[in-house]
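Read off the chains here:
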Amino acid sequence: MMRKLLFALTLGFSMCAMGQVLNVTSIDKVNLPDKAAVAAISPQGDYLLLTSATNQGLTKLDLTSGQTQTLSNAPSAGHNVKISPDGKTVVFRESSFNNKHLRFSSLKSVNLATGASQVLVKPTRDLQGYDASSTTVAAVNKGKFSKKAIGTEKAQNLPVLSIDKGKLMVTVNGKTRNLSPNGNDFSYLWASLSPDGTKVLYYLAAHGTYVCNLDGSNVRKVGKMRAPVWYDNNTVVGMMDLDDGEFIYASTIVAANLDGTTQTLTGDDTIAMYPYAADGKIAFSTPAGEAYIIHVTK
């Protein structure tokens, strides 16, 4: 009897935790020129950035015209891409190797209107994190903060999240410190700032997705989804993937409010992975090299 009661209570809690977070109006397949993975969607939702399954190369795909623009052919160019809030500048890393086969990473930006590129950080072994505004790219390299203007205005001191030996670091006003809100005995992944810059979203390896304030206070678990990204200041999206130790055999895109209310956005017929969000759109990839956009409203 007690076991049945506990099961009922658990079931009731799970049902209460599920709810309406976003209204899905349609899920549309993107017409890709070739098999690819989504690396980002512009804040305005008018273009995708595409890469390979191994994050090699970076290509812009205009969602209206279907035209493409190659931004890089380098390894790692599709990993952790940043787009300025105005959608005009793309910031990405490029990997290279020396004669001892050691990997180095450089940081570059491309102005999409002019095609002009800029090297922001020269090849280094320890590029820990970076971010971009409409005027500035800021980076943390070997624990040191640097910034460069990407427009005509003066560079600003952006807050930057970075990972150092698994720990979550934060740089504010040019000063870097250990944030690691859940302690130093965990590995932190997929960290990002909310659009308003007041909250930190991150994944704690093997534990789930959390959010906290920029100073590390008010730690809250959002859910178990992986690869979380912000949809807006109070909503995140991520993936719930299942694997057999070698292959991912199922994955859905989920949305969650910061109070823990969750909603599954895709069905079991598609292995939907690595979402990226813009206003009214959530883009994702499949292992088959397909791309889709979920159209949503709040």
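This text follows the structure it describes.
On a predicted model such as this, the values are computed, not experimentally measured, just so you know. (Residues numbered from 1 in each chain as written. Predicted model: local features only at pLDDT ≥ 70, side-chain atom pairs only at ≥ 80, totals over all residues. Heavy atoms only, no water.)

(A) Geometry of the overall build of the chain. Of regular secondary structure, the chain possesses 1 helix and 26 strands. Based on the C-alpha atoms only, the size of the chain along its principal axes is roughly 65 × 45 × 40 Å. In the chain, 37% of the contacts between residues at least 6 apart in sequence involve partners at least 24 apart. For the chain, the accessible area works out to roughly 15,300 Å², and carbon and sulfur atoms hold 51% of it. Charge separation in the chain, taken as the distance between the mean sites of 29 positive and 23 negative side-chain charges, equals 9 Å. (Helix = DSSP H or I, 4+ residues; strand = E, 2+ residues; numbered from the N terminus. Contact = heavy atoms within 4.5 Å. Areas by Shrake-Rupley, 256 points an atom, 1.4 Å probe, with all protein chains shown as cover. Lys, Arg positive; Asp, Glu negative; His and termini not counted. Charge placed at Lys NZ, Arg CZ, Asp CG, Glu CD.)

(B) Looking closely at the sheet that holds strand β20 (residues 226–232). A sheet is described by the order of its strands in space; here 4 strands give the open sequence β20-β21-β22-β23, paired in antiparallel fashion. Both edges of this open sheet fall to β20 and β23 (262–264), since each of them pairs with a single strand only. Within this sheet the neighbouring strands show an average axis-to-axis angle of 25 degrees, counted without direction. Bridge count for β20 against strand β21 (residues 235–243) is 4 bridges, and the pairing is antiparallel. (Pairing = 2+ DSSP bridges. Axes fitted to C-alpha atoms, helices over the stretch in contact; angles between N-to-C directions.)

(C) Examining a nonpolar patch on the surface more closely. A surface patch of nonpolar side chains, amounting to about 250 Å² of accessible area, comprises Leu189, Trp190 and Tyr274. As for its position among the elements, Tyr274 is in strand β24 (residues 273–278). A residue is classified by how much of its surface remains accessible, and Tyr274, at 34% relative accessible area, is partly exposed. (Patch = residues over 30% accessible without salt bridge, like charges linked within 9 Å, V, L, I, M, F, W, Y side chains within 5 Å. Salt bridge = Lys/Arg side-chain N within 4 Å of Asp/Glu carboxyl O. Buried < 20%, exposed > 50% of the residue type's maximum accessible area, 1.4 Å probe, protein only.)

(D) Geometry of the pairing of strand β3 (residues 47–51). When you tally the buried positions in β3, you get 5 out of 5 residues, the bulk of the element. Taking every second residue as pointing to the same face, both faces of β3 are buried, with Tyr47, Leu49 and Thr51 on one and Leu48 and Leu50 on the other. As paired elements, strand β2 (residues 37–41) and β3 share 4 bridges and run antiparallel to each other. Note that in β3 the partner of Val38 across the bridge is Leu50. In this structure, the hairpin formed by β2 and β3 is closed by a connection of 5 residues, where Gly45 is found at a positive phi of approximately 75 degrees. Where β3 meets strand β4 (residues 58–62), 4 bridges bridge the pair, whose relative direction is antiparallel. If you follow Tyr47 over to β4, its bridge partner there is Asp62. A loop of 6 residues connects β3 with β4, the two strands running antiparallel in sequence, and Asn55 in this loop sits at a positive phi of about 70 degrees.

(E) Expanded view of the side chain of Thr286. Its place among the elements puts Thr286 in the loop between β25 (281–285) and β26 (291–297). Discounting residues that sit within four places of it in the chain, Thr286 has contacts with Thr270, Ile271 and Tyr292.

(F) Quick peek at the pairing of strand β9 (residues 117–124). The sheet contact formed by strand β8 (residues 103–111) and β9 spans 5 bridges and is antiparallel. Its bridge partner being in β9, Ser105 is matched across the sheet by Thr124. Between the end of β8 and the start of β9, which pair antiparallel, lie 5 residues, with Gly115 showing a positive phi angle near 80 degrees.

(G) Spatial organisation of the packing of aromatic side chains. In this structure the tally under the stated criterion is 4 aromatic pairs. A ring pair is formed by Trp190 and Tyr203, whose centres lie 5.3 Å apart and whose planes are at 65 degrees; its orientation type is edge-to-face. Of this pair, Trp190 sits in strand β16 (residues 188–193) while Tyr203 sits in strand β17 (residues 199–204), placing them 13 residues apart in sequence. Residue Trp190 is classed as partly exposed on the basis of its relative accessible area, which comes to 31%. A residue is classified by how much of its surface remains accessible, and Tyr203, at 8% relative accessible area, is buried. (Phe/Tyr/Trp six-rings, centres within 6.5 Å; stacked < 30°, edge-to-face > 60°.)

(H) Broad picture of the nonpolar core. With 18 residues, the main nonpolar core has Leu22, Ile253, Leu265, Ile282 and Ile294 as its most contacted residues. Going through the elements one at a time, β20, β21, β22 (248–257), β24, β25 and β26 are the ones with two or more residues in this core. Beyond its immediate sequence surroundings of up to four residues, Leu265 is in contact with Leu22, Val24, Ile27, Ile253, Val254, Ala255, Ile282 and Ile294. Counting 13 residues, the second-largest nonpolar core is a separate cluster that includes Ala39, Ala77, Val81 and Val110. (Core = buried A, V, L, I, M, F, W, Y, C linked by side-chain atoms within 4.5 Å.)

(I) Geometry of the sheet that holds strand β7 (residues 89–97). A sheet is described by the order of its strands in space; here 4 strands give the open sequence β6-β7-β8-β9, paired in antiparallel fashion. Of all strands in the sheet, those with a lone pairing partner are β6 (82–83) and β9, marking the two edges. Looking at chain direction, β6 and β7 are connected through 2 bridges and run antiparallel. If you follow Ile83 over to β7, its bridge partner there is Val90.

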